[in-house]
Amino acid sequence: MNRVLEDVIHKNVANTERITAENTVGYVVSDNASGSVAATSFDNTTAQGIVKHMNGLLVGLVQSAVRDLDPTNKLCYLRVASRKFEYLVAPEDMFTITVLQ
């Protein structure tokens, strides 16, 4: 895991603990360079599945669509609602944060 990602996780520990205390929200922070899970509130298998499918497939496809529409624009935030969950994805340069509620 890279140093920038470790610093972001460390600085926001209090916020993530406060938000996840309700047990209605889960999160995954993944490293974009390696695609590995850096921090999560889920078990490892679930977190890797979320990273593989949401961050690996869907985010890349949506980023490409946004660039096709306007080459000077970039994806800042993605919200996907299903019957059971809502996925909120925030891709950054070094890492991607995915929240389920």
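As the structure is a computational prediction, the values presented were derived from the model and not from experiment.

(A) View of the environment of S64. Take S64: it is sitting in helix 3 (residues 44–69). In this structure, the C-alpha to C-alpha distance between S64 and K74, residues 10 residues apart in sequence, is 8.9 Å.

(B) Summary view of the sheet that holds strand 2 (residues 37–40). Pairing is antiparallel in the open sheet, where five strands are placed in the order 2-1-5-4-3. Edge positions in the sheet fall to strand 2 and strand 3 (78–81), since each of these pairs with one other strand and no more. Taken over all neighbouring pairs, the strand axes of this sheet differ in orientation by 15° on average, direction set aside. Sheet topology note: the strand 3/strand 4 (residues 86–91) ladder contains four bridges and is antiparallel.

(C) Focus on the pattern of salt bridges. All told, the structure shown has two salt bridges when counted by the stated rule. D93 is paired through a salt bridge with K74; the nearest N and O atoms lie 3.6 Å apart. In this pair, D93 is assigned in the loop between strand 4 and strand 5 (95–100) and K74 in the loop between helix 3 and strand 3, connecting sequence segments 19 residues apart. The exposed category is assigned to D93, whose relative accessible area is 63%. Here K74 falls in the partly exposed class, since its relative accessible area comes to 48%. Notably, a salt bridge pairs E86 with R79, separated by 2.2 Å at the nearest N-O pair.

(D) Region of the structure containing the packing of aromatic side chains. Considering all chains together, one arrives at one aromatic pair under this definition. For the ring pair F85 and Y87, a centre distance of 6.4 Å and an interplane angle of 65° mean the geometry is edge-to-face. The partly exposed category is assigned to F85, whose relative accessible area is 38%. Note on Y87: relative accessible area 18%, which makes it buried.

Rules of the game
Residues numbered from 1 in each chain as written. Predicted model: local features only at pLDDT ≥ 70, side-chain atom pairs only at ≥ 80, totals over all residues. Heavy atoms only, no water. Helix = DSSP H or I, 4+ residues; strand = E, 2+ residues; numbered from the N terminus. Pairing = 2+ DSSP bridges. Axes fitted to C-alpha atoms, helices over the stretch in contact; angles between N-to-C directions. Salt bridge = Lys/Arg side-chain N within 4 Å of Asp/Glu carboxyl O. Buried < 20%, exposed > 50% of the residue type's maximum accessible area, 1.4 Å probe, protein only. Phe/Tyr/Trp six-rings, centres within 6.5 Å; stacked < 30°, edge-to-face > 60°.

Remember, this is a structural readout, not a statement about activity or role.
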